[in-house]
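Residues per chain are reported as follows:
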Amino acid sequence: MTDLPDYLPRAALGCISNFSFLRGASHPHEMVDEAARLGWKQIAIADLGSCAGLVRAWQASRTEQISLICGAVIPVQASPGLPPLHLAVYVASLTGWQSLCRLLSALNMAQPGRASNPALAMPGDFARLRADTQLILHSPPDPDTGFFDLAKRLTGVTEAPLHIGACLLRDGCDEARLARLADFSHRLAVPFVALAGALYHQPARRPLADALTCIRQGVQLDNAGLVLSRNAERALISPAEMARRWQGWPEALQAADALAEKCCFQLDEIRYHYPEEITSGGRSPQEELEWQVWQGARQRWPDGLPPQVTAYIEKELALIAKLQFAPYFLTVFDIVRFARSRRILCQGRGSAANSAVCYCLGITSVDPARFEPLFERFVSEARGEPPDIDVDFEHERREEVIQYIYSKYGRHRAGLAAAVITYRSRSALVELAKAFGLSRDVQQALSAQVWGREKGAADNLILAAAGLDTSDPALQNLLKLVRQLRGFPRHLSQHSGGFVIARDRLDHLCVIRPAAMDGRSIIEWDKDDLDALGLLKVDVLALGMLSCLRRCFDLLARHYHLALGLASVPPEDRAVYDMLCRAESVGVFQVESRAQMAMLPRLQPRCFHDLVVQVAIVRPGPIQGDMVHPYLRRRAGLERVDYPSDALRGVLERTLGVPLFQEQAMRIAIVGAGFSGSEADQLRRAMASFRKDGRIHEFHDRMIEGMVERGYDRDFASRCFRQIEGFGTYGFPESHAASFALLVYISAYLKCHHPDVFICALLNAQPMGFYGPAQLVAEAKRAGIEVRPVDVSHSFQDCTLEPTDHARHALRLGFRQVKGLSAGEAGRIAASRGTEGYESLADIVRRADISIGALEALGRADGFTSLGLDRRTALWELRRLRRQKSHDLPLFAHAERRHASLYPPQAEVGLPATQPGEAVMLDYQATSLSLKAHPMRLLAEFVEADRWQLCSAAQQVRDGQRLRLIGLVAGRQRPGTAKGTVFVTLEDDAGSLNVIVWPKLVARDRRALLGAHIMGVVGRVQKQDGVLHLIAEKLYNGDHYLGRLQPADGVARPPLKSRDFH
Amino acid sequence: MNSESEDSQTLVAGRRADRQLVCVYLPELAVHQAGRAAGWPDAAPAALWQLQQNRQILACVSRSAGAAGLSVGMRLADARALLPEAVFAPFDPAALAGLLDRLARWAWRYSPLAGSDPAASLFWIEAGGASHLQGGPAALLADLDNRLTAAGLSGHIAMAPCYGAAFALACHAARPGQPICLSGPDFASSSGSLSGRRRALIAALSPLPVAALRLEADILAGLAQAGLHKIGPLLGQKRASLTVRFGPQLVWRRDQLLGDRDERLQPLPVEQPALVSRSWAEPISGPEALAQMITDLITDMTGLMARRQLQCRLLEIGWQRVDGQCGSQHFALSRPTRAASLLRRLTADLACHIDAGFGIEYGWARAGRLSFGLPENLQLDRRPSPSSLLDDLVDHLSARLGSEKIRRLQPVRQWQPDKAQQSLPAAALDQPPLWALPGPDSLSAPRPLRLLSPPEQLEATALLPDHAPRLLRWRGQNWVVQRASGPERIGPPWWQTSQPARRSTDYYRLETENGARLWVGRHGLPERGEQAEWFLHGFFA
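Residues numbered from 1 in each chain as written. Chains lettered and ligands numbered in written order. Predicted model: local features only at pLDDT ≥ 70, side-chain atom pairs only at ≥ 80, totals over all residues. Heavy atoms only, no water.

### Describing the interface of chain A and chain B
Our working definition: The contact criterion used is simple: two residues touch if any of their non-hydrogen atoms lie within 4.5 Å. Using a 1.4 Å probe, buried area is obtained as the accessible area two parts lose upon being combined, added over both of them. A carboxyl oxygen of Asp or Glu within 4 Å of a side-chain nitrogen of Lys or Arg is what we treat as a salt bridge.
Counting residues at the interface gives 60 residues for chain A, matched by 62 residues for chain B. For the pairing of chain A and chain B, the buried interface totals around 5,400 Å² over both sides, and the portion due to carbon and sulfur atoms is 51%. When the buried area of chain A at its contact with chain B is split by residue, Arg230, Trp876 and Arg879 of chain A rank highest and sum to 13% of it. Our count for the chain A to chain B interface comes out at eight salt bridges. With its nearest N and O atoms 3.3 Å apart, the salt bridge here joins arginine 245 of chain B to glutamate 877 of chain A.

This is the structure:
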């Protein structure tokens, strides 16, 4: 029996999302969708001290019959000593939005610290708010005179209308509380509003909310007690139920709706304006752009412009003028010009490479005359949104560029986009395990079983692998929550380099907050949010390979007197392609991964466009769309090249009738299935968005039916769709692949013709790429380069080249390889060395201002051989120096120097000699590599005694043979496309071997797979097109062999580190 | 063990050739002890772990676990992964130290000088001048080994002329069942001269790892770096060369190893019990005489405790009758004390309960659970504090009625009403937590002081979904509800169960027509389609 409600409310106020970190237990879109489903007309989401989740909520609200009220909750400190109270600020209009952003930004900037602690406000901070914002002071569970006083004070401070709000807690005191609040509101003459006050969208999320509380408070569920929620009543309820519960208080419901009605601000009212100070000589932005473009064109083609390029440029400029994007191009141009003036290498990536204008401005480096640019992919009239230019800079010098932007536009106008760091399987598991009170070793065992970003990792398999009882209800609850928590935002970090630059104050657009790094500020929205609102963003990205290439060019200039640059590397060199066809691509940009290496001999790249294909083909899109094998067959002439239709011939001609690039997939949707250009783009975005909702199916049916209607094969159509699915997140458009292919070619060229320079630069650019110093040094040795050890008399911080008798220089390892030696101390060792060099250890201590600890680090790396000291003697001597130094008193120090002769070096009794295995282990411990021998070579006799073969033995056997192979684990990789398959690289002194571990085996031998430094594999050799793999059937942990390398009573230490990628 | 402090009970060991130090190293003792307590099967692989720098590290490993690859110093998570079937438990150093002390005390059977080194899981005996009682050093070691083996312990036993050598040999050379003997007359005669004996000692010690020297980790690391893994090469190094690098400790330890430097050992002290007794020529009987006996014993005892600055938490009064029968009575105390008045009050009615038979001729008092206590200052205002009065009351009641019977309700910070309070023996509570009192204006839903346990089922008539009941029927009585407030909704502790459908409970405060004030709950929410069960959980005063 239900009473008829007096009044049916329309607006659910006072809700939060999981962007109130560790408080809200539902995503913004879950809140909005559920509210719409329950029949609410408006929902107000106000997160604690943040607007970060609003764009997502707003996007969700646009697809539902509900509108979003924007706001934020700000904790207010009524008076010192009292707990802060929550004041919600809701936005009525654009100016209200600006004042809210400004207020929050000011609070954030005034209180630098952890982003998870919302900034506290004082009542006076709200003085600037006007009637374009609506305030609700949330009642605490026990509203007392402090609450009343604060409300009274706020009415005096601000013009913005104040309300008192409360939600029902079902704690047995609801009636008393409402009566007291009604009394307060009466005495203050402010309206009393009913809040929905939802912390999560459904009651089933209460466990998660409790667990989040535990994480926030650092307590365990079992003893959290009253910290937890009493019940699951903070979920969204329907308007009818709300009306029933507030039966005695219809005026509170009406007041809530009255407030909501005033809040009609929507986020798309935010208008973005380009910065202005980018023109010179009184020109308009468009005039300035045209002037710069034609000037750049003349530099690019000193012998005159090719006519088709002129046509491109004119077409592009006309479109830019029409869409008024000139200021954007000029902004990017200005940044690139700055980088160039500082000799910072940079290159545009992504779709910008489709633009001849960008090439003329020097933003991109791929000659549009060399391949056909598709400007529509870059800027389209139909999409009506700003183009997206991503520019890569040397990763070590990007900070200079960032600081240039801040100094040019000021921190109040420029801010970095945020990156929303979300819970991954491992972080969710670790933090929840703590809340569940699992012991530390269980936590560690669990997290050790989770691989990076593994999806679906938290299942019984993991529990079993960690040796836990899968039927334990607590663990089952834990796993359920891990699944829910995965994907929740955890905190805001800074995006890798997306800058938003505003004409006026940035804090009128959005909320800004200080970044973790000094001198930086970030805005609260991430790149998807900015895209959704159409805010301009300039991506200032970091690319390690550019740093490496700059080092290469510097080294070439210094040691070989060759002046090369990105644009002046000789094109289409035969030897380079020969090298790539042999898959000798360790260190080469992009094509050094195992999958790429396996593809190179099959694809046999012979020209620049082949490299473009090579870069694009080993990507989720073509792989998921099953396009790789058809392409390879057609290329090898095993299959006839035909086209699904004449209409698609134009689209697919360049890739032998198989769609490989993102824009081709889009074109198929347009040409083949009759999508409009903007629909195709919507399709791609729907795929890419974090939230794969029901609309995908709509697109799926439309595309496939559309293609079938137009006479295409159904199977081809669904493959195309799967490909778009794959492209959604990881697609490479052709232009982007071209930008990368250029770097592939340049790095391959350097590796082919100047391997000494290339490996030296690569070592100095570490950490980077797939291979560690040990593999790179092995590669150098294979190329016949002499590698010289770290030495106190010859090394510098970075690796260097030293002249030899023959054409190639020798590679001298730098102090950077030595663990425990800081760059500053390494620098002082090199700087104080002078031309005369050091005589003894004491000499170094005297001349270089350096700690004994640093010298010991160098000693462990065996870096004193030029002084006639082996590792052992050096460390033995250093120990004496350390003790002397620590007992030094100033007076005695002086005396000691004067009477140095009184302390003659004592005749020493010899120390035992180092065994070879021990020396190699010590080398690895100190420098991660050894020039003396490969550990597997030293272990050969022991492993062979156990019927193992070293892993390079696989090179000599037939396809299909079964072997027992063992090697050092150089790396593990689990690509997202491989559906759980793990690739392991084993190495020995003769080379490396790729091992494929299918998911079933991953599950079974997980412990050996993730834990072993030396791995034994029983498996079958697979040889195909010159590509060699070992298909694993059983994995063994061979770490016990490491003990053989160490002296019998030595202290065993975990020795070697592999590089693992996810 | 390496304490340099002077103490009256310190044994100063000279360089006497007849010193016979026995070290018994029991590496598995802790895990053995834990296994016995917990009832693990003897052969089960087991290991104990402890926190070291916030990491869980294995501290003790059973033989079967060691054979399977576990070792001391390993991370617990690795060990679990390596050997999931093994039993793991936290290491209790105090328990191990206690056990080693007991073993050393047991070794008084061989010599009055014995002690333990819990950090090394070892106890030692100075058998010099005592071994002939067992038939010589070799016989002593064999006897020791046999007895330990019979007790299920595998001891690594070594005897040497100095502690350093015995320690090194026991921990790093001896095997169970094969004691090493490098001291005593047999050894002396077989090795000939003093220098010959020294050479034999060096030969025995040389192959041992330097870890046998009891050094700091930093020195060990330095020696390993230098390739000096064994004692042999280290003995060849010059003193100055070592001192200038490692400081004096290394050379001391090296000297102690060969007995060139004295080492002070701390043997177990012989405990003096806190015991007083009286005997009477004429057997006493009758309540007055017995009361006087108890009073006298307590006076003696408090005097003894005052002299030795002790306080006790346990008092035993014992007596022996002329017919030889003995009896005793124990009194537990909440706080350590030696106040005669308190002890007298506690024992006040003991005299009436002693069955003296034909009379008592001997009585004693023993104090237990002793702790150190300084003399108290005289209190000038003679009013005892209320809390100590309450403690005294609890002691009295507990002494009379049994400590389990006197209980106290404790608040527990939990939402579930039946878990929000807990009743504990009052004597066991050191500092009872306070019940939070609501402020005069604060909103809170009061609960009855005492809850019905278990709650009483009742029938109720209430409007759906969540209104308070209007009519109640309990034990045949009908109640009409006059006033009601609520609900207070309490959800289940969801994390303890896998059942998602654990139900919530709504609580209401009700006042009936005839003035009864009730706390009534409904288990299950009709709004979620659950079956509702009404119950009465308590009465308001």
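### A closer look at the environment of arginine 253 of chain B
All names here are of chain B. Selection rule: The way it works is that DSSP assigns letters per residue, a run of H or I at least four long becomes a helix, a run of E at least two long becomes a strand, and they are numbered from the N terminus. Accessibility here uses a 1.4 Å probe with only protein chains present; expressed as a share of the type maximum, an area under 20% marks a residue as buried, one over 50% as exposed, and anything in between as partly exposed.
Residue placement: arginine 253 occurs in helix α12 (residues 248-258). Taking relative accessible area as the criterion, arginine 253 reaches 8% and is therefore assigned buried. Separated by 40 residues in the primary sequence, arginine 253 and leucine 213 have C-alpha atoms spaced 6.0 Å apart.

### A few points about the confidence of the model for chain B
Put simply, the rule reads: Scored from 0 to 100, pLDDT records how confident the predictor is in each individual residue.
Confidence in the prediction for chain B averages 83 pLDDT; 90% of positions are at 70 or higher. For this predicted complex, the interface confidence score (ipTM) comes to 0.71, while the overall pTM stands at 0.72.

### Quick look at the packing of aromatic side chains
Residues and elements named next belong to chain A. Basically, it comes down to this: We call Phe, Tyr and Trp rings a pair once their centres come within 6.5 Å, taking the six-membered ring for Trp, and we label the pair stacked below 30 degrees between planes, edge-to-face above 60, and tilted otherwise.
Applying the stated criterion across every chain yields a total of 27 aromatic pairs over all chains. Ring geometry for phenylalanine 148 against phenylalanine 184: centres 5.1 Å apart, planes inclined by 55°, an arrangement best described as tilted. With phenylalanine 148 in helix α4 (residues 145-157) and phenylalanine 184 in helix α5 (residues 174-188), this residue pair connects regions lying 36 residues apart in the sequence. An identical accessibility class is assigned to phenylalanine 148 and phenylalanine 184; each is buried. Seen in terms of ring centroids, phenylalanine 192 and tryptophan 249 are 6.1 Å apart; in terms of plane orientation they differ by 90°. Their pairing is edge-to-face.

### Comments concerning the state of the cysteines
Residues and elements named next belong to chain A. We apply this condition: Here, the term disulfide refers to a pair of cysteine sulfur atoms separated by no more than 2.5 Å.
What the rule picks out here adds up to zero disulfides over all chains. Free of any disulfide, cysteine 70 has its nearest neighbouring cysteine sulfur in cysteine 51, separated by 7.5 Å. Looking at cysteine 264, it has no disulfide partner, and the nearest cysteine sulfur is the one in cysteine 263, 7.6 Å off.

### Some remarks on the sheet that holds strand β16 (residues 456-457) of chain B
Residue and element names in this part refer to chain B. To keep it simple, the criterion reads: Any two strands with at least two DSSP-identified bridges between them are counted as paired.
As summarised here, the arrangement of the seven strands in space is β16-β22-β21-β20-β19-β18-β17, forming an open sheet in which the pairing is antiparallel. Each edge of the open sheet carries a strand with a single partner, namely β16 and β17 (459-462). Direction of pairing for β16 relative to strand β22 (residues 533-539): antiparallel, over a ladder of two bridges. What sits directly across from glutamine 457, in β22, is phenylalanine 535.

### Focus: helix α26 (residues 628-635) of chain A
Of all the residues in α26 of chain A, the buried ones are Val628, Pro630, Tyr631, Leu632 and Arg634 of chain A. Just downstream of α26 of chain A, glycine 637 of chain A is the residue with a positive phi angle, here 80°.

### What to know about the pairing of strand β5 (residues 114-117) of chain B
Within a regular beta strand, the side chains point alternately toward one face of the sheet and then the other, so they alternate between its two faces. All names here are of chain B. Along β5, one buried face is formed by Ala114 and Ser116 and the opposite face, lined by Gly115 and Asp117, is buried too. Across four bridges, the pairing between β5 and strand β6 (residues 122-126) is antiparallel. The residue of β6 that forms the bridge with serine 116 is phenylalanine 123.

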